[in-house]
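# Understanding the architecture of this molecule
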Amino acid sequence: MTLQLHNNVINGDGYTAKIIRTLRRKTASVKIVEGNVSIIVPESLSVDKIESLLIKKHRWIKEKLALQDLVIAIKPKEFVSGESFSYLGRNYRLKIIEGSYPSIKLHQGRFIASVRYTSVNNAPSIRQMLIRWYKQHAESKLIEKTQRYAKIIGVHPASIGIKSFQSRWGSCSLTDDIIYNWKIIMAPNRIVDYVVVHELCHLHHHNHSPEFWRLVDRYCPDYVDSKEWLKLNGKRLEI
Ligand SMILES: [Zn+2]
């Protein structure tokens, strides 16, 4: 590990640490707040000493950062202007404007939410409007993708629908009805495609046997990556 010092900022391995020198301290300490690392040291402590302290604390810092990252990732949305919302893996900023009736639309790369008055707390109604928007778009996108892949795979789902699931992305019943979790529409396109292929392959194999995965692999060769992506990022697909 090499550290570079520049303007009182040390570039560590995967993070930067700000050096704060103070006369009030006799010992050094490391502080991490909202993903920002600071190292508070006595005024005269040498750079070498600071570096060796950071190297010694390296593991602890990385662990702490990873933990805070997780906390930030599942931080609840506030539904305020400037906040980002994902659709098919792309982030769109929310802009709240005043209008004669409440509505939400995706326009020129932004989610534009119209509210009666911007001076009051609109978070609950904006959330409801966004959920409705996501559900509508999830339904049409997922139906379109399912029909397209059904032709390629040569299967015929009895019905295609959306629902709110707690911890799954889709389901395929023994009567060949496919239901998707609408939240999947926040994920990148290739991930949505994987979920569609996965459910459609269940029309051939109503299980997760090796034959099932071989079929998934034929239509979605990077399915292992997609599964991994969902495991790591699935919790972020929340509003
Ligand atoms: Zn399955």
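Residues numbered from 1 in each chain as written. Predicted model: local features only at pLDDT ≥ 70, side-chain atom pairs only at ≥ 80, totals over all residues. Heavy atoms only, no water.

Geometry reference: four tetrahedral donors at a metal, ideal angle 109.5 degrees. Six octahedral donors, ideal angles 90 or 180 degrees. The coordination sphere of the zinc ion contains the protein donors His 198 (NE2), His 202 (NE2) and His 208 (NE2), at a distance range of 2.0 Å. Every donor residue of the zinc ion comes from the same chain, spaced as H-x3-H-x5-H. Taken together, the positions of His 198 in helix α3 (residues 189-201) and His 208 in the loop between α3 and α4 (210-219) put the pair 10 residues apart, joining distant regions of the chain. (Donors = N, O, S within 2.8 Å, 3.2 Å for Na, K, Ca; no water. Helix = DSSP H or I, 4+ residues; strand = E, 2+ residues; numbered from the N terminus.)

Now for the sheet that holds strand β11 (residues 170-172). Through backbone hydrogen bonds, the strands of a sheet pair up, either in parallel or in antiparallel fashion. Sheet architecture is open: three strands sit in the order β10-β12-β11, paired in mixed fashion. Edge positions in the open sheet fall to β10 (159-163) and β11, since each of these has one partner strand only. Between one strand axis and the next, the sheet turns by 15° as a mean value, whatever way the strands run. Pairing analysis gives five bridges linking β10 to strand β12 (residues 177-181), with the strands arranged parallel. (Pairing = 2+ DSSP bridges. Axes fitted to C-alpha atoms, helices over the stretch in contact; angles between N-to-C directions.)

Let's shift gears to the environment of Gly 161. Here Gly 161 is to be found in strand β10. Between the alpha carbons of Gly 161 and Val 197 there is a distance of 15 Å; along the sequence they are 36 residues apart.

Okay, helix α5 (residues 223-233) next. Looking only at α5, the buried set comprises Tyr 223, Ser 226, Trp 229, Leu 230 and Asn 233. Buried residues along α5 cover an arc of 115° about the axis, so they all sit on one side. Facing away from the buried side of α5 by more than 90 degrees, the exposed set consists of Val 224, Asp 225, Lys 231 and Leu 232. Considering only its buried residues, α5 is in contact with α3 and α4. (Buried < 20%, exposed > 50% of the residue type's maximum accessible area, 1.4 Å probe, protein only. Arc of directions from axis to C-beta. Contact = heavy atoms within 4.5 Å.)

Turning our attention to the state of the cysteines. Disulfide: a covalent bond connecting the sulfur atoms of a pair of cysteines. Within this structure, the stated rule accounts for zero disulfides. Cysteine Cys 172 is unpaired, with the sulfur of Cys 201 as its nearest cysteine sulfur at 10.0 Å. Residue Cys 172 is classed as buried on the basis of its relative accessible area of 16%. Among the cysteines around Cys 220, which has no disulfide bond, Cys 201 carries the closest sulfur, lying 8.7 Å off. (Disulfide = S-S within 2.5 Å.)

This paragraph deals with the confidence of the model for the protein. When the pLDDT values of the protein are averaged, the result is 91; 95% of them are 70 or greater. By mean pLDDT, strand β1 (residues 4-6) is the weakest element of the protein at 63, and β12 is the strongest at 98. (pLDDT = per-residue confidence, 0-100.)

Below, the discussion takes up unusual backbone geometry. Residue Leu 88 is not a glycine yet carries a positive backbone phi of 50°. Its location among the elements puts Leu 88 in the loop between β6 (84-87) and β7 (90-98). The phi dihedral of Asp 176 falls on the positive side, at around 65°, and the residue is not glycine. Within the element layout of this structure, Asp 176 appears in the loop between β11 and β12.

Counting across every chain of the model gives nine aromatic pairs. Judged by centre distance (4.9 Å) and plane angle (80°), the rings of Tyr 87 and Trp 133 are edge-to-face. Of this pair, Tyr 87 sits in strand β6 while Trp 133 is found in helix α2 (residues 123-153), placing the two residues 46 residues apart along the sequence. Here Tyr 87 matches Trp 133 in class, with each residue buried. Measuring from centroid to centroid gives 4.9 Å for Phe 111 and Trp 133, while their planes differ by 90°, and the two rings are edge-to-face. Separated by 22 residues along the polypeptide, Phe 111 in strand β9 (residues 110-115) and Trp 133 in helix α2 bring together distant segments of the chain. Overall, the relative accessible area of 6% leaves Trp 133 in the buried class. Here a set of aromatic residues connected by ring pairs shows up, and it is made of Tyr 87, Tyr 92, Phe 111, Trp 133, Tyr 134 and Trp 182. (Phe/Tyr/Trp six-rings, centres within 6.5 Å; stacked < 30°, edge-to-face > 60°.)

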